[in-house]
Amino acid sequence: NDISPQKQQTPTIPPVLDSNKSKVVKEIERIAANREQRRARQDERRQKLSEVDQSIPAWEFQAMVSEYRQQLDVKLLVMNDPQKDLKICVCVRKRPITKKELNKKDIDVLTIPNKEVVIVHLPKVKVDLTKYIDNQKFRFDYGFHETCNNELVYHFTAHPLVQSLFQGNNPMVFAYGQTGSGKTYTMGGDLSQRDVDFSKGIYALTANDIFRHLNKPPNKGQFDVYCTFFEIYCTKVFDLFNEKKRLRVLEDHKNLVQVVGKKEEQVETVEDVMTLIRRGMSVRTSGTTSANENSSRSHAIFQITLKKKNATKDYGKISLIDLAGSERGKDTQTSDKTTLMEGAQINKSLLTLKECIRSLGRNAEHVPFRGSTLTKVLRDSFIGEKSKVCMIAMVSPGNSDVEHTLNTLRYADRVKELNVDEVKRG
Ligand code: ADP
Ligand code: MG
């Protein structure tokens, strides 16, 4: 009797527990399965969204840009257009969009419809998800559309400055812009081919022009010609004609700035100059980091100097400058100390450069050239009533670069504001 109730109980309990447990397990399994399904649906939705984000809006925006372009009055800059006589000339050059960019579904959001206007088409989405393009217009001394070649760019930028050089001045041409926008292509020539062609870069075209002038009276037999080529990385100067030997920058009691010990190469023909450019540019891009990385962090200064025969003083000097990538100065995302320091230095030099050009444009007493090594070594070009500067702001056409493009256009715009003052003072 004592045992029987227990015996009766034991068989009844386990089934109850068992069924409870399996209910809980089943419920958990059901929740898990639901979660899986939900996740799968979410993934699918995300996948669909990302496909849409990458292709369809780009396509829609591209259509809007095309439509906008169709109603523009297009009149592109040509060789026969008149050259302007400017103390400060600021222009913009757009490079063609690359296959690589198109493959990444990037779109061309830049239009240069005539010789001085640049339009950025900013893709935007309203709160109600309607897409539209915000067209921002800028005006410069010259706008070089994507089909312009280096000869045309040369004709309106460095060419007028060669005349100034023969009048005994120290003019400068700057190539400004983010890495990959075409600075080196414009200054040095097309380096993408295996047989690098330096003959169509502004360096060689300038040299060519100089020798043409030298062979004509009254210049014939009057001058010796020298080249120097050096690079500024942070505050340090390196000689590109001398295996990147470190050079010192000294300022004497008369405020004259000297880059001590830089190698001056005498040249007699355009071929001599091209040989030197080839040498200097290969020295510039050699190093531990990749070619582009390396050169995008430094300013390269190529100078051609005229000296009257038997004179010790320079007669005139033209400086052609391939600036460091302008995006470097804005790079604050990194925590790498060296990169931050490089960025800060590049930023400082580009801001000082802008201020120096503005001072020059105002014929100001004080030029803040001490603010950076770049402007220090160019000091004698910033001093003097007759100094002339040309800034070519290079821009990439892709939507993925549009923020950098706007920064470049805004920078160039601030350098140019002065021209408006000049006209007013007229
Ligand atoms: P940056 O010196 O500003 O970093 P690059 O001059 O090296 O830029 O140009 C980047 C790439 O675009 C190179 O492959 C170059 O050949 C190409 N490129 C630049 N400008 C042009 C142009 N106007 N026409 C054709 N290709 C160009
Ligand atoms: Mg470059």
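In the block above lies the structure referred to throughout.
Residues numbered from 1 in each chain as written. Chains lettered and ligands numbered in written order. Predicted model: local features only at pLDDT ≥ 70, side-chain atom pairs only at ≥ 80, totals over all residues. Heavy atoms only, no water.

### Looking at the environment of His145
1) Next: Mapped onto the elements of the fold, His145 is located in the loop between strand 5 (142-144) and helix 4 (150-156).
2) Next: Using a relative accessible area of 8% as the deciding quantity, one classes His145 as buried.
3) Next: For the pair His145 and Val118, spaced 27 residues apart in the sequence, the C-alpha separation amounts to 8.8 Å.
4) Next: Here His145 is in contact with Leu76, Leu77, Lys94 and Ile112, once residues within four sequence places are set aside.
5) Next: Here the side chain of His145 touches Thr147 through a polar contact of 2.6 Å, side chain to side chain. (Helix = DSSP H or I, 4+ residues; strand = E, 2+ residues; numbered from the N terminus. Buried < 20%, exposed > 50% of the residue type's maximum accessible area, 1.4 Å probe, protein only. Contact = heavy atoms within 4.5 Å. Polar contact = N/O pair within 3.5 Å; in protein donor to acceptor, adjacent residues only side chain to side chain.)

### Considerations on the nonpolar core
1) Next: Counting residues in hydrophobic clusters, the biggest one holds 55 residues, and the most contacted among them are Phe174, Leu353, Ile357, Leu378 and Phe382.
2) Next: Discounting residues that sit within four places of it in the chain, Leu353 has contacts with Phe174, Leu323, Leu374, Thr375, Phe382, Met391 and Tyr411.
3) Next: Residues Phe156, Leu214, Val273 and Met394 belong to the second largest nonpolar core, which totals 51 residues. (Core = buried A, V, L, I, M, F, W, Y, C linked by side-chain atoms within 4.5 Å.)

### Considering the environment of Gln345
1) Next: Position of Gln345 relative to the elements: it lies in helix 10 (residues 337-361).
2) Next: Overall, the relative accessible area of 26% leaves Gln345 in the partly exposed class.
3) Next: Dropping the residues within four chain positions of it, Gln345 is found in contact with Cys234 and Thr235.

### Description of the packing of aromatic side chains
1) Next: Overall, the coordinates contain ten aromatic pairs when judged by the stated rule.
2) Next: Relative to Phe140, the ring of Phe138 lies with its centre 6.3 Å away and its plane at 10°, an arrangement referred to as stacked.
3) Next: Classification of Phe138 by relative accessible area gives buried; the value is 12%.
4) Next: Take Phe140: its relative accessible area is 2%, and that puts it in the buried class.
5) Next: For the pair Phe229 and Phe302, a centre-to-centre distance of 5.1 Å together with 80° between the ring planes defines the contact as edge-to-face. Of this pair, Phe229 sits in strand 7 (residues 223-233) while Phe302 is found in strand 12 (residues 299-308), placing the two residues 73 residues apart along the sequence. (Phe/Tyr/Trp six-rings, centres within 6.5 Å; stacked < 30°, edge-to-face > 60°.)

### As for the pattern of salt bridges
1) Next: A full pass over the atoms with the stated rule returns 21 salt bridges.
2) Next: The salt bridge involving Lys115 is made with Asp81; its shortest N-O contact spans 3.7 Å. Highlighted residues: Lys115 in the loop between strand 2 (110-111) and strand 3 (117-125) and Asp81 in the loop between helix 2 (56-70) and strand 1 (88-94), separated in sequence by 34 residues.
3) Next: Overall, Lys115 belongs to the partly exposed group, its relative accessible area being 31%.
4) Next: Between Lys84 and Glu116 there is a salt bridge, with its nearest N and O atoms 2.9 Å apart. A residue pair is termed long-range when its members are at least 10 positions apart, and Lys84 in the loop between helix 2 and strand 1 and Glu116 in the loop between strand 2 and strand 3 qualify at 32 residues. (Salt bridge = Lys/Arg side-chain N within 4 Å of Asp/Glu carboxyl O.)

### Examining helix 10
1) Next: Given a rise of 1.5 Å per residue, 25 residues ought to cover 36 Å, and the 36 Å separating the end C-alpha atoms of helix 10 matches this to within 8%.
2) Next: Backbone geometry just after helix 10 places Asn363 at a positive phi near 55°. (Expected span 1.5 Å × (residues − 1).)

### Some details on the side chain of Thr375
1) Next: Assignment of secondary structure puts Thr375 in helix 11 (residues 373-377).
2) Next: Apart from residues no more than four positions distant in its own chain, Thr375 is found in contact with Thr352, Leu353, Cys356, Phe369 and Phe382.

### Comments concerning the sheet that holds strand 2
1) Next: Strand order across the open sheet formed by three strands is 2-3-4, with antiparallel pairing between neighbours. Only two strands of the sheet have a single partner each, and these edge strands are strand 2 and strand 4 (131-139). (Pairing = 2+ DSSP bridges.)

### Observations concerning the environment of Gly261
1) Next: When you line up the elements, Gly261 lands in the loop between strand 10 (257-260) and strand 11 (265-267).
2) Next: Taking the C-alpha atoms as reference points, Gly261 and Arg297, 36 residues apart in sequence, are found 23 Å from one another.
3) Next: Once you skip the residues sitting within four places of it in the chain, Gly261 turns out to touch Asp239, Lys245 and Leu247.

### Concerning the pairing of strand 6 (residues 172-176)
1) Next: Buried residues dominate strand 6, accounting for five of its five residues.
2) Next: Neither face of strand 6 is open: one carries Met172, Phe174 and Tyr176, the other Val173 and Ala175, and all of them are buried.
3) Next: Pairing between strand 6 and strand 13 (residues 316-322): four bridges, direction parallel. Bridge pairing in strand 13 links Ala175 to Asp322.
4) Next: Both strand 6 and strand 14 (residues 389-395) contribute to a ladder of five bridges, which runs parallel. When the bridges of strand 14 are listed, Met172 appears paired with Val389.

### What about the site of ligand 1?
1) Next: In the region of ligand 1, 13 residues are neighbours, and Gly180, Gly182, Lys183, Thr184 and Tyr185 sit closest.
2) Next: The contact in question runs from an oxygen atom of ligand 1 to an N or O atom on the backbone of Ser181, over 3.3 Å.
3) Next: One of the side-chain N or O atoms of Thr184 is found 2.8 Å from an oxygen atom in ligand 1.
4) Next: Considering ligand 1 on its own, with 560 Å² of exposed area, one finds that the protein chains cover 73% of that surface.
5) Next: The biggest single contributor to the shell around ligand 1 is helix 6 (residues 183-187), with three residues.
6) Next: For the shell around ligand 1, the class distribution of residues is two nonpolar, seven polar and four charged. (Near = heavy atom within 4 Å. Areas by Shrake-Rupley, 256 points an atom, 1.4 Å probe, with all protein chains shown as cover. Nonpolar A, V, L, I, M, F, W, Y, C, P; charged D, E, K, R; others polar.)

Everything listed here is a matter of coordinates, which is why it stays silent on function.
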